[in-house]
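# Fold and contact review
Listed below are the residues making up each chain.
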Amino acid sequence: MTKCVGIHEMSREEVKADKAKCVKFGPCGLGRKAMYLNSFYIDRKYYVMYEDIDRIYKIVAMSKGGFTGKGIFGSMAYLAVKLKSGEVRKCNFKYEFNVDMLMDEFHKAHPNVPLHSEEAEKKLRKAEEEEQRKYLKKIPAKVQKEIDYLEECKEELQVRPAVYEALASKAKQKRTIERINPTYRRVAIVIMLLAIALAVVGVYGAVKGAGDRSIYMVLFAIAIIFSIMATRVIPTGKYNKQQAEEEWQEALAASQRNIAGYDNFPVPAQYAHPVVIDRMIRILKQGRAETAKDAYVVMKNELKKMNNTVTVSQKEYDEIVLIKPMFLVMDYQ
């Protein structure tokens, strides 16, 4: 049964009808009347009516090592939903792009609901003011022409958002899978096998009437198995190196087709993302380059220097997390 976590409630029949038609984004969903939230294991177990939502925002938990490959998970995305009562519900997602898609769709229907935490909003305003101060007071006509061209290219990419969204998400998936330490995978497999053995022993004991201890053994083993599966360290039929490579190549081919009509597109197909172009535009406005070609080189070199020891604004962090995997899987070529 789907439970309400807000003040306003619907009847059981209304919940059933609304949930059946909701648009699903990973483990959550958007209905006509309510947003559906997951528990750690069960998709869309709870609902909150839109009038009870104060704001929603994304949280990205980065494992130790970040993009260096020393961590197990790479990153894990959460959707945070703050209710008007002050309660915050956090929903874990397997794929970060599902969080972004949900937030985009939510914003279209509810443009007045903030998409950042209060703290993030303050930081964003401050960062925006600091960024504006870095811009040239008067941009030369030659540079403005380059900026206008980049703006046109960005608008062209935004006509087909699914192409660049897939490019970013598949690059991140490929990077995460490739950088999983083999030792972690072997340890996870051993733990999984021991948990399965424990479950078998527990079931056997329960059948033989060994009592509650056998049942606890089975439950404990199942919890371990689910926990290992949630880490995504062990490859599956849909989550393995070969599948990740194939999906990345498909996304790359789609990006190549998307910019094929441009004789001199400012970035290679593997980096054809609006955020990449935005960063190049900012470099031109700051006077650190005079052409799109030079701005691309500056942008790429700066991105290459970014690691978990560099402090950046929230906006820049979001951009780096989004686009850096594309550069990493191509080794910045």
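Before going into details, it helps to say that this report is about the structure given with it.

Cut-offs applied
Residues numbered from 1 in each chain as written. Predicted model: local features only at pLDDT ≥ 70, side-chain atom pairs only at ≥ 80, totals over all residues. Heavy atoms only, no water. Helix = DSSP H or I, 4+ residues; strand = E, 2+ residues; numbered from the N terminus. Disulfide = S-S within 2.5 Å. Buried < 20%, exposed > 50% of the residue type's maximum accessible area, 1.4 Å probe, protein only. 1 Å grid on protein atoms, 1.4 Å probe; cavity = no way out; pocket = protein on both sides within 12 Å on 5 of 7 lines; lining within 4 Å. Points joined across faces, edges and corners; volume = space filled by probe spheres on them. Nonpolar A, V, L, I, M, F, W, Y, C, P; charged D, E, K, R; others polar. Phe/Tyr/Trp six-rings, centres within 6.5 Å; stacked < 30°, edge-to-face > 60°. Lys NZ or Arg CZ within 6 Å of the ring centre and 35° of its normal.

### Structural notes on the environment of Ile7
Mapped onto the secondary structure, Ile7 falls in the loop between β1 (3-4) and α1 (12-20). The spacing of Ile7 and Met49 is 42 residues in sequence and 8.3 Å in space, taken between C-alpha atoms.

### With respect to the state of the cysteines
Under the counting rule described, the total for this entry stands at zero disulfides. The thiol of Cys4 is unpaired, and the distance to the nearest cysteine sulfur, on Cys91, comes to 14 Å. Cys22 carries a free sulfur, and the closest cysteine sulfur to it, the one in Cys28, is 9.6 Å from it. The buried category is assigned to Cys22, whose relative accessible area is 8%.

### Considerations on the layout of surface pockets
If you add up the space inside the largest pocket, you get close to 1,600 Å³. Lining the largest pocket are 50 residues; nearest its centre among them are Lys58, Glu96, Asp100, Asp318 and Leu322. Secondary-structure elements contributing two or more residues to the lining of the largest pocket are β6 (53-62), β7 (75-83), α2 (96-109), α3 (118-134), α5 (161-178), α9 (274-285) and α11 (314-329). Examining the composition of the lining of the largest pocket, we find that 10 residues originate from one element, α5, more than from any other. Considering only residue class, the lining of the largest pocket consists of 23 nonpolar, 11 polar and 16 charged.

### As for the packing of aromatic side chains
Throughout the structure, instances matching the rule amount to seven aromatic pairs. Plain terms: the ring middles of Tyr36 and Tyr47 are 6.3 Å apart, the flat faces sit at 45° to each other, and that makes the pair tilted. Of this pair, Tyr36 sits in strand β4 (residues 34-37) while Tyr47 sits in strand β5 (residues 46-49), placing them 11 residues apart in sequence. As far as burial versus exposure is concerned, Tyr36 and Tyr47 are alike and both buried. Feature note: the residues Tyr271, Phe327 and Tyr332 constitute an aromatic cluster, connected by ring pairs. The ring of Tyr46 has Arg89 lying over it, and the distance from NZ or CZ to the ring centre is 4.7 Å.

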